[in-house]
Amino acid sequence: MEKKLAILGGNPVRGTYLPYGRQWIDDDDIQAVVKVLKSDFLTTGPEVGKFEQDFADYIGSRYAVAFANGTAALHAACFVAGISQDDEVITSPLTFVASANCVLYVGGKPVFADIDPITYNLDPQSIKEKLTQKTKAIIVVDYAGQPAQLDIIHQIAKENQLIVIEDAAHALGASFKNKKVGTISDMTMFSLHPVKHITTGEGGMITTDNQEYYQKLIQFRTHGITKNPKELTATNHGPWYYEMQMLGYNYRMTDIQAALGRSQLHKLAKFIERRKQIVEIYNQAFAKMEEVICPQILPNVDSSWHLYVIRLNTSHLTAERKAIFKALQKENIGVNVHYIPVHTQPFYQSLGYQSGSCPDAENVYQEIITLPLYPQMSDKDAQDVITAVKKVIQYYSNKKGGKRAQ
Ligand SMILES: *Cc1c(COP(=O)(O)O)cnc(C)c1O
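Bear in mind the structure is a predicted one, so any value in this text is a computation, not a measurement.

(A) How the structure looks around the side chain of Gln257. Tracing the sequence through the fold places Gln257 in helix α8 (residues 255-265). Of the residues examined, Gln257 reaches a relative accessible area of 14% and is grouped as buried. Engagement of the side chain of Gln257 in a polar contact is seen with the backbone oxygen of Glu202, the distance being 2.5 Å. With near-sequence residues (within four places) excluded, Gln257 lies in contact with Ala68, Thr200 and Glu202.

(B) Just the packing of helix α2 (residues 46-59) against α8, in detail. Contact pair α2 / α8: the axes reach a minimum separation of 8 Å and the direction vectors enclose 30 degrees. The angle between α2 and α8 places the two elements in the roughly parallel class. Crossing handedness for the pair α2 and α8: left-handed. Each of Pro46, Glu47, Val48, Lys50, Phe51, Asp54, Phe55 and Tyr58 in α2 lies in contact with α8, whose residues at this interface are Asp255, Ala258, Ala259, Gly261, Arg262 and Leu265. Class assignment for the residues of the contact of α2 with α8 results in eight nonpolar, one polar and five charged.

(C) Quick peek at the site of the ligand. Neighbouring the ligand are 15 residues; Gly70, Thr71, Asp167, Ser191 and Lys196 lie closest to it. Contact between the ligand and Thr71: an oxygen atom at 2.5 Å from a side-chain N or O atom of the residue. Between an oxygen atom of the ligand and a side-chain N or O atom of Lys196, the distance comes to 3.0 Å. Surface burial for the ligand is 93%, taken as the share of its 380 Å² of free accessible area covered by protein chains. Taken together, the elements giving at least two residues each to the shell around the ligand come down to α3 (70-80), α4 (98-105) and β8 (187-191). Each residue belonging to the shell around the ligand can be placed in one class, and the counts come to five nonpolar, eight polar and two charged.

How each quantity is defined
Residues numbered from 1 in each chain as written. Predicted model: local features only at pLDDT ≥ 70, side-chain atom pairs only at ≥ 80, totals over all residues. Heavy atoms only, no water. Helix = DSSP H or I, 4+ residues; strand = E, 2+ residues; numbered from the N terminus. Buried < 20%, exposed > 50% of the residue type's maximum accessible area, 1.4 Å probe, protein only. Polar contact = N/O pair within 3.5 Å; in protein donor to acceptor, adjacent residues only side chain to side chain. Contact = heavy atoms within 4.5 Å. Axes fitted to C-alpha atoms, helices over the stretch in contact; angles between N-to-C directions. Parallel < 35°, antiparallel > 145°, perpendicular 65-115°, else oblique. Left-handed = near helix turned anticlockwise from the far one by under 90°. Nonpolar A, V, L, I, M, F, W, Y, C, P; charged D, E, K, R; others polar. Near = heavy atom within 4 Å. Areas by Shrake-Rupley, 256 points an atom, 1.4 Å probe, with all protein chains shown as cover.

What follows is the structure, encoded as structure tokens:
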């Protein structure tokens with residue numbers, strides 16, 4: 001193996017860049033899309049309804065409602081949950097900005113509880129500390145595909161009459177105590193972005209068992225308009241009649257996307273299985289490296305492994321995350337960082353959120369690196385990642401055998 005780091009002028013472990021995540025599209029996916037393009041409906045037609053039914057069947061929820069993207073789906077969930085001016089919603093700081101932005105869209109106030117430094121999911125104790133008279137809901141994030149401690153969090157919600165919206169953008173196919181994610185919270189959001197488990201290009205889904213939420217979600221995604229005779233509140237003018245009853249948006253999914261989603265859904269089990277295989281390969285390779293902390297999965301959950309996030313044990317390293325990150329990039333490994341804590345973003349700081357308010361999330365952020373993980377990766381790709389991590393970590397290790405032993 002070439003020992004000289006690519007960042008110092010050596011040869012990179014790979015000749016081509018390996019991304020951290022990407023879609024897997026086969027000919028049958030393409031055929032499904034082409035069929036819609038040749039049909040009568042391009043936007044919301046028969047495919048959307050079929051996709052929603054297939055999705056609800058897979059999850060085991062009563063309803064599934066498709067949206068243009070996951071963020072739109074979160075916005076809709078916040079709206080139908082009745083979150084509005086002055087309502088506080090507790091969420092995680094270690095997430096994509098959409099998990100908190102959706103609260104701002106409806107005029108509410110995101111409140112960041114801290115994370116558990118082992119799983120990087122919301123710490124139930126910290127949620128309790130953030131409760132006030134104004135708390136209306138919790139948006140719980142299943143970080144990297146591992147469900148949060150949903151039983152404890154739902155217990156807190158029940159005791160305080162809070163709605164639980166689950167941001168399961170990472171956790172399609174995961175389960176908590178043998179219950180499928182998507183059947184547990186009042187509403188659960190899934191994202192169908194290309195790096196997520198299955199894709200529709202852009203797309204999102206809400207699953208729920210609540211019929212009232214379901215009807216409002218449907219209406220919200222199409223301008224707040226209904227044509228359903230049973231839902232009309234004023235005099236019906238005639239067959240053309242529709243009513244706009246609330247301020248909604250155009251958040252519809254197209255039939256083109258839904259056909260792709262249906263085709264992809266058939267492959268989800270295979271995709272997750274492959275993700276788990278790669279995780280096993282990584283876990284074994286990194287188990288004995290004291291410089292690296294592997295992902296920790298609690299015994300009562302089944303993660304669907306959206307991300308493989310390592311944490312650097314900086315006490316054994318001579319360099320910080322930034323140098324190691326850059327060195328891995330130069331080896332042509334598509335590393336990433338999930339996430340910059342949301343409350344430290346300039347926009348949130350301008351709203352008055354303070355750095356230092358979620359110390360565990362902020363400390364974890366300093367030391368994490370996401371390694372490539374997606375189902376179409378080959379064993380060779382996985383080995384390249386391992387080779388690069390070992391090469392870079394050994395160089396920066398301060399332990400015996402490290403290149404720069406001190
Ligand atoms: C991807 C993602 C979203 C947003 O989904 P989009 O489909 O990209 O709008 C929300 N929350 C988390 C945690 C995500 O990873």
